[in-house]
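# Observations on chain architecture
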Amino acid sequence: MAIYSEAVIHEIRSRTAIDQVIGESVRLERRGNRLLGLCPFHSEKSPSFNVNPEIGRYHCFGCQASGDVFSFLQKRDGLSFLEAIEKLAGQTGVQLPARESNARSDIAQADKERYFRATQFAAQFYADNLLSGRYPEATAYIARRGVPLETVRSFGLGYAPSEWSTLVDAAAAKRVPVADLEYAGLAKPRERGGGHFDMFRNRLMFPVRDLSKRVVAFSGRALSSEEKAKYINSPETPFYKKAKELFGIDLAQGPIKAAQRAILVEGNFDVVSLHAHGVSQAVAPLGTALTIDQVRLLRRFTKSVVLFFDGDKAGRAAARKSLDILLEADFPEILFAQLPDGADPDDIARRGGADAVQALVQQAKPLLDLLIEELILPATGSASPSAKAAAVSELAPLMAKIKDTTLLEAWIQEISRRTGLSAGELARRFRPGATATGYASSQSARPAARASFVPQPTVNETGSTPFDDAPFGDAPFDDGPLPAGPEAEVVLTPLSPMETELIVLLHRRAALLLPFLHTRTDLCMEQREVAEWARAVAAAHQENGPSLSRAFEMLEEGPLKSVIGRALMLAGPLYEEKIQTAFHAVSLKIRRAWVVTTRARLLDELQAASKRGDDDGAFVLLNQLQRLNEFERDAR
Ligand SMILES: [Zn+2]
């Protein structure tokens, strides 16, 4: 997908003032070399959203959102990466190379016009039929469902007559090519005798419109109960992907933004009925389970969603299924409205009006809360230990999807309160890397992806580097895989203050990378991923590769970049002449801290080994301790 070169992207980035772009929507106040404001991506009362124009990045210490100006625009305006590039290129006057040959895009443009001319024509035709009064069965149905005329008009509801080719014939009369109807999935060629027939017959028609109110497809509801399919939808086309559209979003986008809440229902009629009764934040997926694209579309407008599903077993199961995907899309608030048994949203709206709907919305409870309640018997502590364990395992993959650390912490406390399990133990179980799904696997795939901009770290498994013959003294553990550190961490935790300082210094002066490696400070860092990154950059640097800041810029967005970006974000002003001294001091501190913890661990193990009478083990440990002492001496 990389259509634009790194060089062009770099050019745009360096010409863009990130504080100005972010300043359009966030009030920023200066604090030293950074700017501080209220985070636009989670709700907060005291500002934790930092922007550092010097390194061109933002970082929120509340929800951990971080990135550069492109990712900010992607998140704020719901743009794709390419769209963000194009937008900023326009503003900064950077000339972009053409994305496609003109001939190809001309054809695409012509196809698009044909398509939307056909859908627009059909929408008008269906709507006219319904409003004409010529089809009493359709009018009667609408009246029976209690849909007022005004709502019929605003949704553009229509009727497809039961004859075989009313649409095809009407199109012919207006010189709309039948091929275009076919292209838009509205007509099909007859198998015999030539000509075309209509796809939708004797159905109430719901036009599916996108955000800019273009009709992209149709959903048709059977009027006769003899029809096998209650709903049929347009086939997928180049301009219609069912999994990406939400029914009603064209009308609901404004109200959702204004109320800062979306109401998700299951069917088209629920949407129409809620809107008809003044609840206009309602949208529905198109007859499928909720998809990540649909949820992301919604997330552009709000952080809060209420699932307003049928009050039966199927409705609850559907809600449960949606939870995963809503967490995935980073919805901080996912509520579930409990409808009376057997009632659907249309019933509620028609019997009780907007007030009844709003009352249920107000009483909606966090879906996760209900799930926890269901899994773990209410706070009485009566659940058996094995039931608790099972519940925690079931919750783990869901909790691992929560990106907002504050929110995650709150849920951990809640589950701890209910199960009596310690919050620390739960946090460990719920850590993204603790499950086999999602996060952890994408993490392990990351190092390979990073290799695209820097050569693979030239460090072998024992930790020896190309600088082994350097005159900086021996590395601690050249002759064997000695004290293995704590088990490999998959998830990146924030850097310690010392490591933060070190990264900032390295970033300021890439020449420090060599002493960093020579003194083996890299091996002593808690954050191994970061050390590995520094090694990779050092190797690249040696070959006149990218500079350190460029390497950082090109690092793929993800936990590693976020951790390093956060470190850079915190950096105060630095005095050039102090850099060298500060570097030596901090790298020494890191090595010493490592020596202290490693020694404590080795001594523990030694004690255990001698208790067991494991002489061989004790001997190895003694050896390790001796080498640790040597390393410490050299580190002074
Ligand atoms: Zn935030």
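Reading the values: rules and limits
- Residues numbered from 1 in each chain as written.
- Predicted model: local features only at pLDDT ≥ 70, side-chain atom pairs only at ≥ 80, totals over all residues.
- Axes fitted to C-alpha atoms, helices over the stretch in contact; angles between N-to-C directions.
- Helix = DSSP H or I, 4+ residues; strand = E, 2+ residues; numbered from the N terminus.
- Parallel < 35°, antiparallel > 145°, perpendicular 65-115°, else oblique.
- Left-handed = near helix turned anticlockwise from the far one by under 90°.
- Contact = placed C-beta atoms within 7 Å.
- Buried ≥ 20, exposed ≤ 12 C-beta atoms within 10 Å, placed from the backbone.
- Pairing = 2+ DSSP bridges.
- Expected span 1.5 Å × (residues − 1).
- Arc of directions from axis to C-beta.
- pLDDT = per-residue confidence, 0-100.
- Core = buried A, V, L, I, M, F, W, Y, C linked by C-beta atoms within 7 Å.

## Here we look at the packing of helix α1 (residues 6–15) against helix α4 (residues 81–92)
Helix packing geometry: the angle between the two helix axes and the distance between the axes. The interhelical angle for the contact between α1 and α4, taken along N-to-C directions, is 60°, at an axis separation of 10 Å. In terms of orientation, α1 lies oblique with respect to α4. Of the two possible hands of crossing, α1 and α4 adopt the one that is left-handed. On the side of α1, the interface is formed by Ile9, Ile12 and Arg15, while α4 contributes Ile85, Leu88, Ala89 and Thr92.

## What about unusual backbone geometry?
As a rule of thumb, non-glycine residues mostly have phi less than zero, and peptide bonds are mostly trans rather than cis. For asparagine 202, which is not a glycine, the phi torsion comes out positive at approximately 50°. Relative to the helices and strands, asparagine 202 resides in the loop between β8 (196–198) and β9 (203–209). Note on asparagine 202: 18 C-beta atoms within 10 Å, which makes it partly exposed.

## Topic: the sheet that holds strand β6 (residues 158–160)
Pairing in this open sheet of four strands is antiparallel, and the strands run β6-β9-β10-β11 from one edge to the other. The sheet is open, and its two borders are formed by β6 and β11 (231–233), each paired with just one other strand. Adjacent strand axes in the sheet meet at a mean angle of 35°, parallel and antiparallel pairs treated alike. Summarising the sheet, β6 and β9 pair through three bridges and their orientation is antiparallel. Within the sheet, the bridge partner assigned to glycine 158 lies in β9 and is methionine 205.

## Some words on the sheet that holds strand β15 (residues 304–307)
Spatially, six strands are ordered β12-β14-β13-β15-β16-β17 in an open sheet, and the strand pairing comes out mixed. The strands lining the two open edges of the sheet, one partner per strand, are β12 (246–247) and β17 (365–366). Here two bridges tie β12 to strand β14 (residues 282–285), and the two strands are oriented antiparallel to one another. Paired with phenylalanine 247 across the bridge in β14 is alanine 284. Against the sheet, helix α11 (residues 268–276) contacts β12, β13 (262–264) and β14, and its axis sits at roughly 175° relative to β14.

## What to know about α4
The end-to-end C-alpha separation of α4 is 16 Å, in line with the 16 Å expected for twelve residues at 1.5 Å each. Taken as a whole, α4 has its buried residues at Ala84, Ile85 and Leu88. One side of α4 carries all its buried residues, which in axial view fall inside an arc of 100°. The inward-facing, buried residues of α4 contact α1 and α3 (69–77). Trailing α4 by a residue or two, glycine 93 shows a phi angle of about 75°, which is positive.

## Here's the deal with the confidence of the model for the protein chain
Per-residue confidence for the protein chain gives a mean pLDDT of 80; residues scoring 70 or more make up 83%. Below pLDDT 50 for its whole length, residues 434–490 participates in 78 contacts with residues either more than four positions away or in separate chains.

## So, the nonpolar core
Val283 and Leu307 are the most contacted members of the largest nonpolar core, which totals 92 residues. Of the residues forming this core, the biggest block, eight residues, is contributed by helix α5 (residues 102–132). Beyond its immediate chain neighbours, meaning those up to four positions away, leucine 307 contacts Leu264, Ala319, Ser322, Leu335, Phe336, Ala337 and Leu367. Among the nonpolar cores identified, the runner-up in size contains 33 residues, and Cys524, Ala531, Ala534 and Ala538 belong to it.

## Let's talk about the environment of aspartate 355
Looking at the element boundaries, aspartate 355 is found in helix α14 (residues 345–362). Separated by 77 residues in sequence, aspartate 355 and glycine 278 place their C-alpha atoms 9.4 Å apart.

## Description of the environment of aspartate 604
Mapping aspartate 604 onto the fold places it in helix α26 (residues 576–612). For the pair aspartate 604 and leucine 621, spaced 17 residues apart in the sequence, the C-alpha separation amounts to 10.0 Å.

## Some remarks on the environment of serine 5
Secondary-structure assignment places serine 5 in the segment before α1. Since 10 C-beta atoms lie within 10 Å of it, serine 5 is described here as exposed. Spatially, the C-alpha atom of serine 5 lies 9.7 Å from that of leucine 96, the residues being 91 residues apart in sequence.

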